[in-house]
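# Coordinate analysis (summary)
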Amino acid sequence: MNKKSVTLVFLLLVWLGVDMACAQYQPEHYRVFSPDRKLVMGIQRHNDGLLTYTFAVNGEVLIKESPLGFRLESEETVPSSGWKIENVSDREVRNEWKPLWGKRAVVEDHFNELMIDLRNPASQPKWMQLVVRGYNDGFAFCYKIPEGEGQRVNVQSELTAYNFAGNYTAWFYNGENHNIGPEKLTETDGTRLPVMTVKAGDKHYMAIHEACLETGAPLVLQSKGGESLFSVASKPACLSPGYTSAWRVVLYGTTPGTLTDSHLLELLNPDPDPCYDFSWVKPGLAVWDWRINGAVWDGFTYGMSYPSWTRMVDFAAEQGFKYLVLDANWYGPEFESDSDPVKGEKAQDVQRLLGYGKQKGVGIWLYLNDVGGKKFPIEKTLKQYGEWGAAGVKYGFMSGTQEEKNQWTKKITELCAQNHLLVDFHDGPVHPYGQMRTWPNAVTREYCHAQLDGHHVFEPKTFVTTVFVNMVAGPVDMNNGMFDLRPGHTTRVDESQPVPSTLVSEAARTLITFSGVTILPDIPEYYRKYPALLNFLSTQKMPWKESRTLAGEIGEYIVMMRETDEAYLVGAATNESGRTIDLPLSFLEKGKYTVEVIEDGDDAHYLTNRESLKVATRQLTNNDKLTLKLAPGGGACLVIKKNPSMGGSEQATFPLVSPAGKMKADIKVGGKNVEIDLFTDGGKVVTAKTLQFSLDENIMKGNWQVSSQKRESIDQPGILFTENVLL
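Residues numbered from 1 in each chain as written. Predicted model: local features only at pLDDT ≥ 70, side-chain atom pairs only at ≥ 80, totals over all residues. Heavy atoms only, no water.

Our next topic: the overall build of the chain. Looking only at helices and strands, one finds 11 helices and 45 strands in the chain. Sorting the 727 residues of the chain into buried and exposed places 58% on the buried side. When contacts within the chain are restricted to residue pairs at least 6 apart in sequence, long-range pairs at least 24 apart make up 67% of them. When the accessible surface of the chain is summed, it comes to about 29,100 Å², and 48% of that surface belongs to carbon and sulfur atoms. (Helix = DSSP H or I, 4+ residues; strand = E, 2+ residues; numbered from the N terminus. Buried < 20%, exposed > 50% of the residue type's maximum accessible area, 1.4 Å probe, protein only. Contact = heavy atoms within 4.5 Å. Areas by Shrake-Rupley, 256 points an atom, 1.4 Å probe, with all protein chains shown as cover.)

Structure (structure tokens):
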């Protein structure tokens, strides 16, 4: 056995005449360390045969002795006193996972594993294996009944529990509502749904969830008031040869962002079946027809119909967005059983749109309600969508028990993979548990409250809680990015309530939220109205090279960095309280960078002045620090691009944006030449080359030779710069 990762101690009190029988009353101890040896899970086998575990970090116990195993309907405990430990083995794994898309391009897959084989000589099941893994960001364990001879035995309950060492503070998933919490552990009385995020003092954070749920009901937790012990309330129906439980997972970090940034759940899922080629899976941004319905701009009223669809496709193509998502009722009223998901109302328009989208390089997603999904043969429906050339399926309102929904979700995901369709599950889906590793086409799901869904809005505090709770489970579809934030109600058909947020926060949230497809809810004209923010959206080129939560606290605020091939992007969002954040740029590599900073305006507020913003461009290095001011309910967005090293003939481009974001200039410097492209309303207005500069205090003036011009109102030679901002 490798003693570097596992310590096995038999407390055999047999020495110089002590009776051998004394040994059976002493427990057997096993320890599994994380690769960095900071985390340790201890396993104890007691004289009555029961197994328990503990969890400690740097010697501090966070989970006290907690039970493992099952209780059968026969009242027998698995394992119990008659069970024997037949074998103990261990291994070290030091691999890496390179996902098609994810939070980063390369994920370290390092763990230490212990396997304990137990035999039951008296009854069923004959064998059980406990597998424990220790990672640097948590630990996990699962139960296995080996393949072979044996009988099925019915399960009364799973005994797994989490006996926390203190009266810590917790937050929980709460469907399409604000999360439960902050709640002291002893205040919980009843069932709770994962993810359960726990703050243990000022320096320890944990998250309780599960991974790789093949069979049985999805995880449910329960606790009694006055206790700090949470037990697993869900269970498998039976134990039989070949059974493998879901992994019971405790993620750990010294900050809540460590939990959000982890890919541990995915690492506990298997690689895809080699028979599948998922190279066609492409993450990215999408526009959407549901929230645009009823929007009015310059005499045109948007609807869920072909004229609006083509406008959205044109916009997506213009910005490099990959998809348009069509929502409910395109094939008829979604809840009516005779609405045919292949031949219904607008099927011909949809097929025409699919062709149009293909010409523009924009994929089209199709909505499918559970009624149509089950009334009509699902295999034929998804095969038809694939043959039409659809890019994905948004599946809504799945019915059934949680166990039934999990099996149906797995079936639809596999059928979509067979037909080269991405998939997004909405309206009370089964929680994510790392399946994006096995099924990369499972790009997102509404494991949250999507903004404006269910005819109510979520507040800023909900967003900055959800990212540390729900989003720990995997990719979520929150529909952030509404830019129509004028005072009062909108003209949108489904829900006209104003969104309690700021423009900058709405843009920042699109980056902060982890999802394989980020679905934008507004019309093109509102995005074009704010070119700096639109540029921030368009620069979100997935898959991410790296993601990192730079700062944050549950329910308070978050600062997220995601890296692309071309830029570092940073999004910050706060709750109802305004705040100032000092942000070191030490996450950047060495070099000089052009940083476009988009902040809330000085008078911005998520209730009274949502549209106020300011834009500035700065030249910075990784040794610098930015001070960001976030309005109440507001945010900040950064686009950081490295300045290229310039030779004699090379050219560097420095973008500048006016404070209101209405004008933009690209300053191109190379050799002895300076060239300016000036843009407004998304189009180029003038291109000019400098002939002479003059400098007077804070004003730099240039004499220019205009090479192309679209507006007669552009003055020559008076392009004027003041304090690094183009006027």
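Back to the text.
This next bit is on the sheet that holds strand S36 (residues 613–621). Strand order in the open sheet formed by six strands is S31-S32-S33-S38-S35-S36, with antiparallel pairing between adjacent strands. Both edges of this open sheet fall to strand S31 (546–553) and S36, since each of them pairs with a single strand only. Strand after strand, the sheet turns through a mean of 15° between neighbouring axes, direction not considered. Both strand S33 (residues 568–574) and strand S38 (residues 635–642) contribute to a ladder of six bridges, which runs antiparallel. Opposite Leu-569, over in S38, you have Val-639 as the bridge partner. (Pairing = 2+ DSSP bridges. Axes fitted to C-alpha atoms, helices over the stretch in contact; angles between N-to-C directions.)

Another aspect to go through is the nonpolar core. In terms of nonpolar packing, the biggest core is built from 137 residues, with Leu-382 and Tyr-385 touching the most fellow members. Ignoring anything within four residues of it in the chain, the contact list for Tyr-385 reads Trp-330, Pro-341, Val-342, Leu-366, Tyr-367, Leu-368, Ala-390, Val-393 and Leu-421. Core analysis: the next-biggest nonpolar cluster, separate from the first, contains 48 residues, Ile-43, Trp-83, Leu-130 and Tyr-162 among them. (Core = buried A, V, L, I, M, F, W, Y, C linked by side-chain atoms within 4.5 Å.)

So, on to the pattern of salt bridges. Pairing of side chains with opposite charge becomes possible as their charged atoms draw close. What the rule picks out here adds up to 28 salt bridges. In this structure, Asp-522 and Arg-492 form a salt bridge, with 2.7 Å as the shortest nitrogen-oxygen distance. With a gap of 30 residues between them, Asp-522 in the loop between strand S30 (517–520) and helix H10 (524–528) and Arg-492 in the loop between helix H8 (460–466) and helix H9 (503–512) connect regions that are remote in the sequence. Linked through salt bridges whose partners overlap, the residues forming this network are Asp-484, Arg-486, Arg-492 and Asp-522. (Salt bridge = Lys/Arg side-chain N within 4 Å of Asp/Glu carboxyl O.)

So, on to the side chain of Glu-596. Along the polypeptide, Glu-596 turns up in strand S35 (residues 592–600). Looking at Glu-596, the relative accessible area reads 4%, which means it is buried. Sequence-distant contacts of Glu-596, that is, excluding residues within four places in its chain, are made with Ala-532, Asn-535, Val-615, Ala-616, Thr-617, Cys-637, Leu-638, Val-639 and Val-657.

This paragraph deals with the sheet that holds strand S12 (residues 153–158). The strands that make up a sheet pair up through hydrogen bonds in the backbone, lying either parallel or antiparallel. Ordered by their spatial adjacency, four strands build an open sheet running S7-S6-S12-S20, and the pairing between neighbours is antiparallel. A strand with exactly one partner marks an edge of an open sheet, and here the two such strands are strand S7 (77–78) and strand S20 (238–239). Note: strand S6 (residues 70–72) against S7, two bridges, orientation antiparallel. In the strand pairing of S7, Arg-71 is matched with Thr-77.

In this section: the environment of Trp-83. Of note, Trp-83 is situated in the loop between S7 and strand S8 (84–97). With sequence-adjacent residues up to four places away left out, Trp-83 is seen in contact with Arg-45, Glu-76, Thr-77, Val-78, Leu-118, Arg-119, Asn-120, Pro-125, Lys-126, Trp-127 and Met-128.

Two numbers describe a pair of aromatic rings. These are the distance of the centres and the angle of the planes. All chains considered together, the criterion is met by 33 aromatic pairs. When the ring of Tyr-568 is compared with that of Tyr-593, the centres are 6.2 Å apart and the planes differ by 75°; the resulting orientation is edge-to-face. Taken together, the residues Tyr-568 in strand S33 and Tyr-593 in strand S35 connect sequence positions 25 residues apart. Classification of Tyr-593 by relative accessible area gives buried; the value is 1%. Aromatic rings pair up to connect Tyr-53, Phe-55, Phe-70, Phe-139, Phe-141, Tyr-143, Tyr-243 and Tyr-252 into one cluster. Over the ring of Phe-172 we find Arg-192, and its NZ or CZ is 5.6 Å from the ring centre. Here the guanidinium or amino end of Lys-375 rests over the ring plane of Phe-376, the centre of that ring lying 5.6 Å away. (Phe/Tyr/Trp six-rings, centres within 6.5 Å; stacked < 30°, edge-to-face > 60°. Lys NZ or Arg CZ within 6 Å of the ring centre and 35° of its normal.)

When the terminal C-alpha atoms of helix H4 (residues 347–360) are compared, their 20 Å separation across 14 residues agrees well with the 20 Å that a helix rising 1.5 Å per residue should span. Immediately beyond the C-terminal end of H4, within one or two residues, lies Gly-361, with a positive phi of roughly 75°. (Expected span 1.5 Å × (residues − 1).)

On to unusual backbone geometry, then. Put simply, Pro-194 and Val-195 share a cis peptide bond, and its omega is 10°. Of note, Val-195 is situated in strand S16 (residues 190–200). Of note, the amide linkage connecting Met-542 to Pro-543 takes the cis form, showing an omega dihedral of 5°. A positive phi angle, close to 80°, is found at Asn-329, a residue other than glycine. Mapped onto the elements of the fold, Asn-329 is located in the loop between strand S25 (323–325) and H4.

Here we come to the side chain of Ser-234. Here Ser-234 lies in the loop between strand S19 (229–232) and S20. On the basis of relative accessible area, Ser-234 is assigned to the buried category, the value being 7%. Within polar-contact distance, the side chain of Ser-234 engages the backbone oxygen of Pro-218 at 3.4 Å. Of note is the side chain of Ser-234, whose polar atom sits 3.1 Å from the backbone nitrogen of Val-220. Aside from chain neighbours lying at most four places away, what touches Ser-234 is Glu-158, Ala-217, Pro-218, Leu-219 and Val-220. (Polar contact = N/O pair within 3.5 Å; in protein donor to acceptor, adjacent residues only side chain to side chain.)

Among the residues of helix H6 (residues 378–388), Ile-378, Thr-381, Leu-382, Tyr-385 and Trp-388 are the ones counted as buried. For H6, the angular spread of the buried residues around the axis is 120°, confining them to a single face. In H6, the exposed positions angled more than 90 degrees off the buried face are occupied by Lys-380 and Glu-387. On its buried side, H6 packs onto H4, strand S26 (363–369), helix H5 (370–375), strand S27 (392–396) and helix H7 (402–418). One or two positions beyond H6, positive phi appears at Gly-389, with a value near 100°. (Arc of directions from axis to C-beta.)

It is worth spelling out the environment of Asn-643 at this point. Inspection of the secondary structure puts Asn-643 in the loop between S38 and strand S39 (652–657). One polar contact links Asn-643 to Gln-619, side chain to side chain, over a distance of 2.8 Å.

The next subject is the confidence of the model for the chain. Predicted coordinates in areas of low pLDDT are best not read in detail. With 87% of its residues at a pLDDT of 70 or more, the chain shows a mean pLDDT of 90. In the predicted structure, residues 1–26 sits below a pLDDT of 50 and forms 40 contacts with residues beyond four places in sequence or in another chain. In the predicted structure, residues 694–699 sits below a pLDDT of 50 and forms nine contacts with residues beyond four places in sequence or in another chain. (pLDDT = per-residue confidence, 0-100.)

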